[in-house]
Amino acid sequence: MRVLRARGIVPIVLLGVACGGAGCGGGTDVAEVRAVSERFSAAAEANDGERACAQLTPQTRAQLEEQEQRQCREAITGVRLEAGSVARVQVYALNAMVELSNGEAEFLEQGQEGWRLSAVGCTPQKDKPRDQPYDCQVED
Amino acid sequence: MKALRNHTLSLFFAAIFLATLIGQAFVGQDDFNHAQLAHEGDVISLGRYVTSSEYWVDVLENWQSEYLQFTLYVVGTVWLLQRGSPESKELDKAGLESDEDQLVGPHADERSPRWARAGGLRTRLYSNSLLIVMGAIWIASWLGQSVTGRIAYNAEQLDHHLAPVDWGVYLGSSDFWNRTLQNWQSEFLAVGSMAVLSIYLRQRGSPESKPVGAPHDATGIEG
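Residues numbered from 1 in each chain as written. Chains lettered and ligands numbered in written order. Predicted model: local features only at pLDDT ≥ 70, side-chain atom pairs only at ≥ 80, totals over all residues.

Engineer: Just to check I follow, could you spell out the overall build of chain B for this structure?
Structural biologist: Along the backbone of chain B there are ten helices and zero strands. Starting at the N terminus, the α and β elements of chain B follow one another as α-α-α-α-α-α-α-α-α-α. For 223 residues, the compact-globule estimate of 2.2 N^0.38 gives 17 Å, and chain B exceeds it by more than 25% at 23 Å. Considered along the principal axes of its C-alpha atoms, chain B spans approximately 65 × 40 × 40 Å. Burial status across chain B gives 25% buried among its 223 residues. Long-range contacts, defined here as pairs at least 24 residues apart, represent 53% of the contacts in chain B between residues at least 6 apart. (Helix = DSSP H or I, 4+ residues; strand = E, 2+ residues; numbered from the N terminus. Rg over C-alpha atoms; globule rule 2.2 N^0.38 Å. Buried ≥ 20, exposed ≤ 12 C-beta atoms within 10 Å, placed from the backbone. Contact = placed C-beta atoms within 7 Å.)

Engineer: Quick question: what am I supposed to make of the sheet that holds strand β3 (residues 105-111) of chain A here?
Structural biologist: Within a sheet, adjacent strands bond to each other through the backbone by hydrogen bonds, running parallel or antiparallel. Residue and element names in this part refer to chain A. Strand order in the open sheet made by the five strands is β1-β2-β3-β4-β5, with antiparallel pairing throughout. Either end of the sheet is taken by a strand with one partner, and the two such strands are β1 (86-92) and β5 (135-139). Put simply, the sheet's adjacent strands are angled 25° from each other on average, direction ignored. Here β3 pairs with strand β4 (residues 114-123) via six bridges, running antiparallel. Each bridged residue has a counterpart across the sheet, and for E109 the counterpart in β4 is R116. The sheet contacts of helix α2 (residues 27-45) involve β1, β2 (95-100), β3 and β4, and relative to β1 the element is tilted by about 130°. (Pairing = 2+ DSSP bridges. Axes fitted to C-alpha atoms, helices over the stretch in contact; angles between N-to-C directions.)

Engineer: Help me understand the domain arrangement of chain B in this model?
Structural biologist: Interfaces are often described in size by the accessible area the parts lose on coming together. In terms of domain boundaries, chain B breaks down into domain 1 (1-51) and domain 2 (60-223). Taking only C-alpha atoms into account, the centre of domain 1 of chain B sits 25 Å from that of domain 2 of chain B. (Domains from an automatic or database assignment.)

Engineer: Help me understand the packing of helix α8 (residues 129-159) of chain B against helix α10 (residues 174-200) of chain B, please; the structure alone is not making it clear to me.
Structural biologist: If you want to describe how two helices pack, look at the angle between their axes and the distance between the axes. Residue and element names in this part refer to chain B. At their nearest, the axes of α8 and α10 sit 10 Å apart, and the two run at 130° to each other. Judged by the inter-axis angle, α8 sits oblique to α10. The crossing of α8 and α10 is right-handed. Facing Q145, S146, G149 and Y153 of α8, the residues of α10 in contact are D175, F176 and R179. (Parallel < 35°, antiparallel > 145°, perpendicular 65-115°, else oblique. Left-handed = near helix turned anticlockwise from the far one by under 90°.)

Engineer: Mind showing me how you'd approach the confidence of the model for chain B here?
Structural biologist: Detailed reading of the predicted model is not advised wherever pLDDT is low. The pLDDT averaged across chain B works out to 95; a share of 100% of its residues lies at or above 70. This complex was scored by the predictor with a pTM of 0.89 and an ipTM of 0.84. (pLDDT = per-residue confidence, 0-100.)

Engineer: Just checking my understanding: could you explain the nonpolar core for this structure?
Structural biologist: Considering soluble globular proteins, one finds that nonpolar side chains tend to be buried as a cluster. Grouped together as the largest cluster of nonpolar side chains are 48 residues, with contacts concentrated most on A:V33, A:A96, A:V98 and A:L108. Here this core takes six residues from α8(B), the largest share from any one element. Structurally, this core is a two-domain feature, drawing no fewer than three residues from each of domain 1 (1-51) and domain 2 (60-223) of chain B. Excluding its chain neighbours within four sequence positions, the residues that come into contact with A:V33 are A:V89, A:V91, A:A96, A:V98, A:L108 and A:W115. (Core = buried A, V, L, I, M, F, W, Y, C linked by C-beta atoms within 7 Å.)

Engineer: Help me out: how do you make sense of the pairing of β1(A) in this one?
Structural biologist: Along a regular strand, successive side chains alternate from one face of the sheet to the other. Residues and elements named next belong to chain A. Pairing between β1 and β2: six bridges, direction antiparallel. The residue of β2 that forms the bridge with V91 is A96. The hairpin turn running from β1 into β2, its antiparallel successor, is two residues long, and A93 in that turn takes a positive phi close to 60°.

Engineer: I tried to follow α2(A) on my own but got confused; where do I start?
Structural biologist: Each full turn of the α-helix corresponds to 3.6 residues, which orients residues three or four apart in the same direction. Residue and element names in this part refer to chain A. A rise of 1.5 Å per residue sets the reference length of α2, with its 19 residues, at 27 Å; its end C-alpha atoms lie 27 Å apart and thus fit the reference within 8%. For α2, the full list of buried residues reads D29, V33, V36, S37, F40, S41, A43 and A44. If you follow the buried residues of α2, they end up packed against α3 (49-54), β1, β2, β3 and β4. (Expected span 1.5 Å × (residues − 1).)

Below, the structure is given as structure tokens:
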């Protein structure tokens, strides 16, 4: 999924240059992405499969259920995810990435339900995170 | 009405520019949403699309190449010559030419622009104003392309669970240079074609052409 929210060329150019290497998204988007990630982490730690699955995209839930041959709320509690707090959030258009303090990453997409996780428990491939997809425990 | 008639060239191109920019918005949104559906994603509204980096990188990559074309053409035709082309100056007039030929300073008349008469820095700036403005628009739109292009590129990266890149890395990326060079090549081809084709071909009534009966080796004359 793509798309980026640009609110005018001059502000976009200045914002982009000012952002430099950091990912920049609207403040609201960054906060919402962070909130989804934190809700998922809290639910996963509490073994609340229902709440954890509610943070996933429909495609990710479907993929997990097909893969595990169980309902999402049961399957997600069986996934071993390391605990970690949100270290960095990057938002580009309808896509976002959360880097956790444990070195793992999560990917999110914005859809009809708002921001939702499309992949969790992701680790980068050796030395080439830009060229090779992250290896994720749960993804769409 | 007569006043309007004297501006039909700019009005015509302004109108078709707006029409095609609007058309690009509609077809671009449709194309984007088609890709979204193919990725099982959600479609977006036209309003959202025209404020997106996806739309603006497509616009700006074209604008920057057009203004680069004019920047190079404006400065190139000062010194570069093409025998037989109406796009070229006469063969003995390469360079900045004399103040007398250019009507600057003491050689300006009562109808000359004020800064052509003023002398000093103002005349110097005005003497290069076309290059300065064309070049500035080129740089600004190229910068805009790099910013919006990086955002669109990174959205694609994240969609595929790849790491995003910072602006410096994006400037060296094949995505940035593919967008840039595919536009540059067409601009340079168009200008070069015009310079050469107009040696041998004619369009009666157009100042872009030599007079129909002008010889092929006649240089720097308009129809």
